[in-house]
There are 2 protein chains.
Amino acid sequence: MDGFWAVVPAGGAGTRLWPLSRAGSPKFLHDLTGSGRTLLEQTHDRLAPLAGDRFLVVTGRPHEEAVRRQLPAGTEVLAEPSPRDSMAAIGLAAARLERRAAETGEDVVMGSFAADHVITDADAFLDTVRHAARAAREDWLVTIGIEPTFASSAFGYVEQGDPLPGLEQAREVRAFVEKPSVPVAEEYLATGRYRWNAGMFVVRPSVLLDLLAAEASAFAATLRRIAAEPRSLDALWPTLPRIAIDHAVAEPAAAAGRVATVPGGFGWDDVGDFDSLAGLVGEAADCTVLGDRGAVVAHQATGLVVPGSGRVVAVVGLDDVVVVDTPDALLVTTRDRAQDVKAVVAALRDRGRDDLT
Amino acid sequence: MDGFWAVVPAGGAGTRLWPLSRAGSPKFLHDLTGSGRTLLEQTHDRLAPLAGDRFLVVTGRPHEEAVRRQLPAGTEVLAEPSPRDSMAAIGLAAARLERRAAETGEDVVMGSFAADHVITDADAFLDTVRHAARAAREDWLVTIGIEPTFASSAFGYVEQGDPLPGLEQAREVRAFVEKPSVPVAEEYLATGRYRWNAGMFVVRPSVLLDLLAAEASAFAATLRRIAAEPRSLDALWPTLPRIAIDHAVAEPAAAAGRVATVPGGFGWDDVGDFDSLAGLVGEAADCTVLGDRGAVVAHQATGLVVPGSGRVVAVVGLDDVVVVDTPDALLVTTRDRAQDVKAVVAALRDRGRDDLT
């Protein structure tokens, strides 16, 4: 698709996927689903039919090297001097692409997609992105609204409004709403108007920066200055606000009637924790092994076992258990409690065991 | 106590304590309770006030070396060429001691105690053994009847009869009964007549062998022949029946009115599985760590964690869980299902992984 750039912010440690995911080796660098490709590689593979080699990753300096190793030579990688949340990361990419568009005369549309999500129907995904790009060329900030499969309290929602005439599938966005309680999420689902906000934005770089400028002019100006003078990055980066793109741009732009959404039904999962991972790779009634099946003895047990240290892992008489075995750390929990794994990471940091987190 | 010999059959792999206990390194060789002493060493320590250096261990050839290393130099160790159950093991010790008594003129009484049980009140235990030895000198086969603390279906029971005149605490044994169902065990407890059979026998060696001879004359004769000609051990051992001492001698002798029992209330535990071990070393409401506490992060979890590989073990949101971490194998189960750990060992053998069992 001419002028389409895939922008992939690759950040976030994936604390709830400890001990597989670590600050020094976050989840996007891992083949979490046992597919033979890391989540970052899968993200690249998925977008390649639309973006070709127009692939731009924004990641932390500590991961730059690892990211480059996983992607084709010559892939553009922007390294953030420090983590400053998604607006700075995606804004930096937008400023870089805005400048490139000015230099080449290309009509650039960018699509921003997390590096660590899983999508099962790649064709349906590409189709959705094509629709979103069409609306983006009409200067909408377009978000992809994931068809909810249950009343989740773990995601923010997008409230859809009226269809946009002349733009197949696209609708105006009435509002972005924060993660609701489960009962509120159930009400959302009952209306049929709400979709999950997966943080997928398709937009012209200049539209995104202009929307940001309307809210925070210095922020947008600084991003544009970094793009014009890349050597200013280290000096200017620490001055940027830490804010998520949803709050910085998407919510105010929705209030101003500038956001559109296209529906996405392509088997999306953010692989947020081991419960999510277990649901992705296995059946509820099984004991799913991610890795060497020969290393696992499951006796009247169901759940997810990840043997990762070469040792035999035996599980007896537990349902929905999660056992993750790595050479230096072992996790035992349940699918139900998978969200609480972050407490382990916090406890280890309290103990000064940053080497393990 | 003059002439008192402690006989300690040290056999049995302790399959339900896998992966701590292995065929090549059975539970009696391990410091399972974190006391700083192995179960075998604890057994020696406990009996030393009565037996001094009159301590005779019967173990398998593969363990002879390890057993000798854990006991004072010069301790007598008989090595079985192959496992042939408890009658052969204890009978061999009896034949050895009968011969010794004949040679030295000592009035030998032997007390046979498993190498892998835990006793919390050593003084009360010694007191009980003294009472038992007095009855043994009157030519009774004396079994120590453990005061039951709950209606267990995991142990055999001894039914007590009338007190024996002139022998403080001792009563006749009406019968040995096999492991009952829990409801039957409850009836037993209600009568007040039943006690657990912990396989502790105190008896004159010649009385034991004569009782055996009454049931199986060739068996007793072969044991006596081995004692007379130790070099015949390898040739004769494989001809001995595989039978437990309870069936071979205790049950028929009880029927013949030759068995006495003295009550034992000294905090006995056979450390049969991880549930039993967890009860021994911790409180039900805690997450008990056997080993380096610093290696364990327990978040809203109770049960038993044995960190044994140097790795960090994190447990989140599980009650009564059992996690046993060793360098080559990991077990995850619950206290409730601890009996089923033997299924793991069976599965590993099926897979040809005898190296791990």
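Residues numbered from 1 in each chain as written. Chains lettered and ligands numbered in written order. Predicted model: local features only at pLDDT ≥ 70, side-chain atom pairs only at ≥ 80, totals over all residues.

### What about the overall build of chain A?
The line we're drawing: The way it works is that DSSP assigns letters per residue, a run of H or I at least four long becomes a helix, a run of E at least two long becomes a strand, and they are numbered from the N terminus. Note on method: radius of gyration uses C-alpha positions; expected globular size equals 2.2 Å times residues raised to 0.38. Neighbour counting defines burial: a residue surrounded by 20 or more other C-beta atoms within 10 Å of its own C-beta is buried, one with 12 or fewer is exposed, and intermediate counts give partly exposed, using backbone-placed C-beta atoms.
Within chain A, the regular secondary structure consists of eleven helices and 17 strands. What you see for chain A is a C-alpha radius of gyration of 21 Å, in line with the 21 Å of a compact globule of 357 residues. On the principal axes, the C-alpha backbone points of chain A span a range of 60 × 50 × 35 Å. The buried share of chain A, reckoned over its 357 residues, is 51%.

### Looking at the domain arrangement of chain A
All names here are of chain A. Cut-off, in case you're wondering: Domains are outlined according to an automatic or database domain assignment. Contact criterion: two residues are in contact if their C-beta atoms, reconstructed from the backbone, are within 7 Å. Residues are grouped as follows: Ala, Val, Leu, Ile, Met, Phe, Trp, Tyr, Cys and Pro are nonpolar; Asp, Glu, Lys and Arg are charged; every other residue, Gly included, is polar.
Domain annotation of chain A identifies domain 1 (4–269) and domain 2 (282–356). Facing the six residues of domain 1 at the interface are twelve residues of domain 2. Residues of the side of domain 1 that touches domain 2, tallied by class, amount to three nonpolar, two polar and one charged.

### Details of helix α4 (residues 122–136) of chain B
Quick note on the threshold: Expected span of a helix: the number of residues minus one, times 1.5 Å.
Taking 1.5 Å of rise per residue, the 15 residues of α4 of chain B would be expected to cover 21 Å, and the 20 Å separating its terminal C-alpha atoms lies within 8% of that figure. Considered for burial, the residues of α4 of chain B that qualify are F125, T128, V129, H131, A132, A133, R134, A135 and A136 of chain B.

### Comments concerning the interface of chain B and chain A
A common measure of how large an interface is: the accessible area buried when the components associate. Across the contact, 30 residues belong to chain B and 30 residues belong to chain A. Looking at the side of chain B that touches chain A, the elements that each hand over two or more residues are β13 (296–299), β15 (312–316), β16 (321–325), β17 (329–334) and α11 (341–350) of chain B. Its residues assigned to classes, the side of chain B that touches chain A shows 19 nonpolar, four polar and seven charged.

### Overview of the relation of the copies chain B and chain A
The condition that has to hold: In superposing the copies, a least-squares fit is computed on C-alpha atoms, taking residues whose pLDDT is at least 70 in both.
Structural alignment of chain B on chain A gives an RMSD of 0.1 Å, achieved by rotating through 180° and translating 0.0 Å along the axis. Here the symmetry operator amounts to a two-fold rotation axis. Ranked by how close their C-alpha atoms come to the rotation axis, the residues of chain B are headed by V332 of chain B, at 4.0 Å. Most of the interface of chain B is mirrored in chain A: 100% of its interface residues are interface residues there too.

### Quick notes on the nonpolar core
The condition is simple: Any nonpolar core is a set of buried residues, restricted to Ala, Val, Leu, Ile, Met, Phe, Trp, Tyr and Cys, that join up through C-beta atoms within 7 Å.
Among the nonpolar cores identified, the biggest contains 241 residues, and V315 of chain A together with V315 of chain B are the most heavily contacted of them. In this structure, V315 of chain B is in contact with V332 of chain A together with C287, A298, A301, V305, V321 and V323 of chain B, ignoring residues within four places of it in sequence.

### Re unusual backbone geometry
Working note: non-glycine residues mostly have negative phi, and peptide bonds are mostly trans. Across the junction of W18 of chain A and P19 of chain A, the peptide omega takes the value 5°, indicating a cis bond. Residue position: P19 of chain A is located in the loop between β1 (4–10) and α1 (39–51). In this structure, V271 of chain A takes a positive phi of about 45° despite not being glycine. As for its position among the elements, V271 of chain A is in the loop between β11 (268–269) and α10 (274–281). Notably, D85 of chain B is not glycine yet its phi reads approximately 70°, a positive angle. Along the polypeptide, D85 of chain B turns up in helix α3 (residues 85–104). Residue D85 of chain B is classed as partly exposed on the basis of its C-beta count, with 17 C-beta atoms lying within 10 Å.

### Quick notes on the pairing of strand β10 (residues 259–264) of chain B
Moving residue by residue along a regular strand, the side chains alternate between the two faces of the sheet. Residue and element names in this part refer to chain B. So the rule is basically this: Here, strands pair whenever DSSP counts at least two bridges between them.
Here β10 lies mainly inside the structure; five of its six residues are buried. Direction of pairing for strand β6 (residues 141–146) relative to β10: parallel, over a ladder of six bridges. Its bridge partner being in β10, L141 is matched across the sheet by V259. The pairing of strand β8 (residues 171–177) with β10 spans two bridges and is classified as antiparallel. Note that in β10 the partner of E172 across the bridge is A260.

### Some words on the environment of V297 of chain A
Within the secondary structure layout, V297 of chain A lies in strand β13 (residues 296–299). Residue V297 of chain A is classed as buried on the basis of its C-beta count, with 25 C-beta atoms lying within 10 Å. Once the C-alpha coordinates of V297 of chain A and V315 of chain A are considered, the two residues, 18 residues apart in sequence, prove to be 6.3 Å apart. Ignoring any residue separated from it by four or fewer positions in sequence, one finds V297 of chain A in contact with V312 and A314 of chain A together with V344, A347 and L348 of chain B.

### Digging into the sheet that holds strand β12 (residues 287–289) of chain B
Just so we agree on the cut-off: Comment: axis = line fitted to C-alpha atoms, over the contacting stretch for helices; angle = value between 0 and 180 degrees taken between N-to-C directions.
On the basis of which strands lie adjacent, the open sheet formed by six strands has the order β13(A)-β15(A)-β17(B)-β16(B)-β14(B)-β12(B) and mixed pairing. The open sheet is flanked by β13 of chain A together with β12 of chain B, the only strands paired with a single partner. Taken pair by pair, the neighbouring strands of this sheet meet at an average axis angle of 10°, ignoring direction. In this sheet, β17 of chain B lies alongside strand β15 (residues 312–316) of chain A in parallel orientation, the contact comprising four bridges. From the neighbouring strand, V313 of chain A faces β17 of chain B, where its bridge partner is L330 of chain B. Along the sheet face, helix α10 (residues 274–281) of chain B touches β12, β14 (303–307) and β16 of chain B and points at about 95° away from the line of β14 of chain B. The strands touched by α11 of chain B within the sheet are β13 and β15 of chain A together with β17 of chain B, with β13 of chain A carrying the most contacts at an inclination of about 135°.

### A few points about the sheet that holds strand β17 (residues 329–334) of chain A
Strands sit in the order β12(A)-β14(A)-β16(A)-β17(A)-β15(B)-β13(B) across an open sheet of six strands; the sheet is mixed. Every interior strand has two partners, whereas the edge strands, β12 (287–289) of chain A together with β13 of chain B, have only one. Adjacent strand axes in the sheet meet at a mean angle of 10°, parallel and antiparallel pairs treated alike. Lying over the sheet, α10 of chain A contacts β12, β14 (303–307) and β16 (321–325) of chain A, oriented at roughly 95° with respect to β14 of chain A. On top of the sheet, helix α11 (residues 341–350) of chain A reaches β17 of chain A together with β13 and β15 of chain B; it is set at about 135° to β13 of chain B, its chief contact.

### Topic: the packing of helix α3 (residues 85–104) of chain A against helix α6 (residues 205–215) of chain A
Residues and elements named next belong to chain A. Just so we agree on the cut-off: An angle counts as roughly parallel when it lies under 35 degrees, as roughly antiparallel when it exceeds 145, as roughly perpendicular when it falls between 65 and 115, and as oblique in every other case. If you view the pair so one helix is near and one far, a crossing is left-handed when the near helix is turned anticlockwise from the far one by less than a right angle, and right-handed when it is turned clockwise.
Their axes nearest at 8 Å, the elements α3 and α6 cross at an angle of 130°. One element, α3, and the other, α6, form an angle in the oblique class. Between α3 and α6 lies a crossing whose hand is left-handed. On α6, the residues touching G91, A94, A95, L97, E98 and A101 of α3 are P205, S206, L208, L209 and L212. In terms of residue class, the contact of α3 with α6 is made up of eight nonpolar, two polar and one charged.

### Some words on the pairing of strand β1 (residues 4–10) of chain B
Residues and elements named next belong to chain B. Spelled out, the test is: When the strands point away from the viewer, a crossover counts as right-handed if the path from the first strand over the helix to the second runs clockwise.
Taking burial as the measure, the seven residues of β1 include seven buried ones, the bulk of the element. Of the two faces of β1, both are covered, the one formed by F4, A6, V8 and A10 as well as the one formed by W5, V7 and P9. Relative to strand β4 (residues 109–112), β1 is paired through four bridges, and the arrangement is parallel. Paired with V7 across the strands is S112, a residue of β4. At this point the chain moves from β1, through helix α1 (residues 39–51), to the parallel strand β2 (residues 55–60), and the crossover so formed is right-handed.

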